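# Coordinates in review
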Amino acid sequence: MCGIVGYIGNRQACPVLVKGLHRLEYRGYDSAGVALINEKGELNVYKTRGKVQDLENYMESKDVSGTIGIAHTRWATHGEPNNVNAHPHCSNSENLAMIHNGIIENYAVLREMLSRKGYTFKSSTDTEVLVQFIDYIRTTNKLSLPQAVQQALSQVVGAYAIAVIEKNNPNQIVAARKGSPLVIGVGEDEYFLASDATPIVEYTQKVVYVGEEEVVVINRGEELTVRTIANVEKTPEVKTIELSLSELEKGGYPHFMLKEIFEQPRTLANSMKGRVSLDKKHVVLSGFTNNKEKFLGARRIIILACGTSWHAGLIGKYMLEEFARIPVEVEYASEFRYRKPVIYPDDVVVAISQSGETADTLAAVELAKSNGAFIFGICNVVGASIPRNTDSGCYTHVGPEIGVASTKAFTAQVTVLTLLALCIAKEKKTIEEEAYLEIISELAEIPRKMEMILKNNDEIATLSRVFTYAQNFIYLGRGYNYPVALEGALKLKEISYIHAEGYPAAEMKHGPIALITSEMPVVVIATHAGMYEKVISNIQEIKARKGRVISIVTKGDKTVKKMSDFCIEIPETVECLVPLLASVPLQLLAYHIAVQKCCDVDQPRNLAKSVTVE
Ligand code: G6P
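Now for a quick tour of the structure. Every value quoted in this text rests on a predicted model; they were computed, and no experiment measured them.

Okay, the overall build of the protein next. The helix and strand tally for the protein stands at 19 helices and 25 strands. Taking 2.2 N^0.38 as the reference for a compact globule, 614 residues should give roughly 25 Å; the C-alpha atoms of the protein span a radius of gyration of 25 Å, in line with that estimate. For the C-alpha atoms alone, the extent of the protein along its principal axes is close to 80 × 55 × 45 Å. Here the protein holds 614 residues, and 62% of them are scored as buried. Intrachain contacts of the protein at a sequence separation of at least 6 include 71% that bridge at least 24 residues. Approximately 23500 Å² of the protein is accessible, and the part contributed by carbon and sulfur atoms is 49%. Once the 66 positive and 72 negative side-chain charges of the protein are each reduced to a mean point, those two points are 2 Å apart.

This is how it looks when you write it as structure tokens:
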């Protein structure tokens, strides 16, 4: 949800900033802009509606010199995406330029106050209000820029990661954060700042994660200074990140999404590495082992998540209830945080988030924590806000997921949830030894079985051509395959803009069946494991109404194949692991339909990868 980048050092800033924006484009891509201070101390601001490439085109004949600058790629919250609302925003005096990721909730009151003082506004953004407010405080109280930022932020309600620069001051960037992520890269005589480490990693592995309500002063050639908004001095902690450049490139694939789908056999193996023993006889999760008593004493488990992570949570519920025999509630974090939920101190909360930055999930975690619940996080991005706010947890270790539609992060979340369910069940003795061992040895086989499914890529691409012009889709599944249906439908609508609904197959007759005509493609997950006979009846109901069935079946299946218009086979596995396999052809189907429709697969309209606003 908006990406911010900054640079100060000996290099020309503009190329560093633009490259950084490209890396962060997954966070928002409706407009982009750059502010640079040149050798003469002049502040040049260039911004435009559209993608980072449009900004590059726009800047072709402009003065982009300067060794200090800030830049932004936007996902609109306040005001439509246009040139004026694009960041950076400047004060009326044109002395200050600022970039911002987040939302200033009391911006309307501040804007009114500033208007009374004679400030005028060009844009509809909350960001312009904040930069003017900083300018107002700076000039009225005759403060330094860091002091003015500190004072202004102490009066601001909302979430932000900001960076401010000032005309005639080419030696300083002031940055701050609350609620939105901000990382500083520490190089040799140079500093970088960004919403995450991806723009930084090719220059330095050393980073400082800016803490909540901290203001960082980055002076050219000097050590960083960090103070809280309340003026408490902090010592910046430099950490080393492990992120390779190749993980941030497409590696020969036309889209990140396809690359990430194809990475799944490897990423899944990574999620299990060191956790599933080599002799395939037991599972170890240190986040569980170190907090065993919390899980064993849990009255219930509450899973909090949004989007695709919520679907993974639903699969987790089925496993935790089946094997660990603990009641599980799966909640949309956005609903949970505002509906006065009952939370007991002996509840265990499992927060699932690929980015670890989703504002609603973070707020829901904080609420549960303040009510005394134990919080276990399942996240992908190391050091993100959610893992930093949990009591314990487990990283999914799939590397950066850049395609906006989540694929490899989803299957990894399901894998980690499987491991968690097995750990608890084993300890509680609620699972038969035979079932426990069978799931572990099947888990170890999943990467190989996924490889087999990926070999059908061309076939699925051919199939996708039949459905390029479909207006609607229904996805059906039962038991463990019901969340798979939800996730399959979500993938399709996210990237191809085709309306798609996921439903529990048996619920079809209570409504969606009215939609079935010969025009309606229905994807049915009808694997042997997973109420096979019952799903066959559902397929018959669809066929009786001339619906077109695309089925996902177990290899060798004949019955469903005969009844289906199109059929995709997946290898056999135990019921609870079918989602890991059945999701893959659905990801590929959505991908190829979107490609056929010439949609922007990696950056679908209106979406963003990391939703740091509520
Ligand atoms: C956005 C993304 C989805 C993601 C959801 C939750 O909507 O586009 O792909 O599932 O946020 O994100 P999280 O990072 O918390 O898993």
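With that settled, the discussion passes to the sheet that holds strand S6 (residues 96-104). Pairing in this open sheet of seven strands is antiparallel, and the strands run S5-S6-S7-S8-S12-S13-S14 from one edge to the other. Because the sheet does not close on itself, it has two edges, and the strands there are strand S5 (89-90) and strand S14 (233-234). With four bridges connecting them, strand S12 (residues 214-219) and strand S13 (residues 225-228) associate as antiparallel partners. Residue pairing in the sheet places Val216 in a bridge with Val226 of S13. Packed on one face of the sheet, helix H4 (residues 126-141) meets S5, S6 and strand S7 (158-166) and runs near 125° to S6.

Turning to the sheet that holds strand S19 (residues 374-379), a few remarks are in order. Taken together, five strands build an open sheet; the order of strands is S17-S16-S18-S19-S20 and the sheet is parallel. Each end of this open sheet is capped by a strand with a single partner; those strands are strand S17 (328-332) and strand S20 (392-395). When strand polarity is set aside, the average angle formed by the axes of neighbouring strands in this sheet is 20°. Alignment of strand S16 (residues 300-305) against strand S18 (residues 347-353), held across five bridges, turns out to be parallel. Considered in S18, the bridge of Arg300 is made with Asp347.

Another point: the site of the ligand. Around the ligand, a shell composed of 14 residues is seen, among which Ser309, Ser353, Gln354, Ser355 and Thr358 lie nearest. Ser309 is positioned such that a nitrogen or oxygen atom in its side chain is 2.6 Å from an oxygen atom of the ligand. Considering the ligand on its own, with 390 Å² of exposed area, one finds that the protein chains cover 90% of that surface. If one sorts the elements of the shell around the ligand by residue count, helix H9 (residues 307-324) sits on top with three residues. Looking at the shell around the ligand residue by residue, the classes come out as four nonpolar, eight polar and two charged.

Let's shift gears to the pattern of salt bridges. Where charged atoms from two side chains of opposite charge approach closely, those side chains can pair. Going through the model one piece at a time under the given rule, you end up with 28 salt bridges. Its salt-bridge partner being Arg337, residue Asp360 comes within 2.6 Å of it at the nearest N-O pair. Here Arg337 lies in the loop between helix H10 (333-336) and S18 and Asp360 lies in helix H11 (residues 359-370), a separation of 23 residues in the sequence. Overall, Asp360 belongs to the buried group, its relative accessible area being 11%. With relative accessibility at 19%, the residue Arg337 sits in the buried group. Two residues, Lys449 and Glu442, come together in a salt bridge whose shortest N-O distance is 2.9 Å. Judged by relative accessible area, which is 9%, Lys449 ranks as buried. One salt-bridge network, in which partners are shared between bridges, spans Lys259, Glu263, Arg266 and Lys408.

Following His87, the chain continues to Pro88 via a peptide bond in cis, the omega torsion being 0°. Non-glycine residue Lys142 carries a positive phi angle of around 50°. Mapped onto the elements of the fold, Lys142 is located in the loop between H4 and helix H5 (145-153).

Cut-offs used in this document
- Residues numbered from 1 in each chain as written.
- Predicted model: local features only at pLDDT ≥ 70, side-chain atom pairs only at ≥ 80, totals over all residues.
- Heavy atoms only, no water.
- Helix = DSSP H or I, 4+ residues; strand = E, 2+ residues; numbered from the N terminus.
- Rg over C-alpha atoms; globule rule 2.2 N^0.38 Å.
- Buried < 20%, exposed > 50% of the residue type's maximum accessible area, 1.4 Å probe, protein only.
- Contact = heavy atoms within 4.5 Å.
- Areas by Shrake-Rupley, 256 points an atom, 1.4 Å probe, with all protein chains shown as cover.
- Lys, Arg positive; Asp, Glu negative; His and termini not counted.
- Charge placed at Lys NZ, Arg CZ, Asp CG, Glu CD.
- Pairing = 2+ DSSP bridges.
- Axes fitted to C-alpha atoms, helices over the stretch in contact; angles between N-to-C directions.
- Near = heavy atom within 4 Å.
- Polar contact = N/O pair within 3.5 Å; in protein donor to acceptor, adjacent residues only side chain to side chain.
- Nonpolar A, V, L, I, M, F, W, Y, C, P; charged D, E, K, R; others polar.
- Salt bridge = Lys/Arg side-chain N within 4 Å of Asp/Glu carboxyl O.

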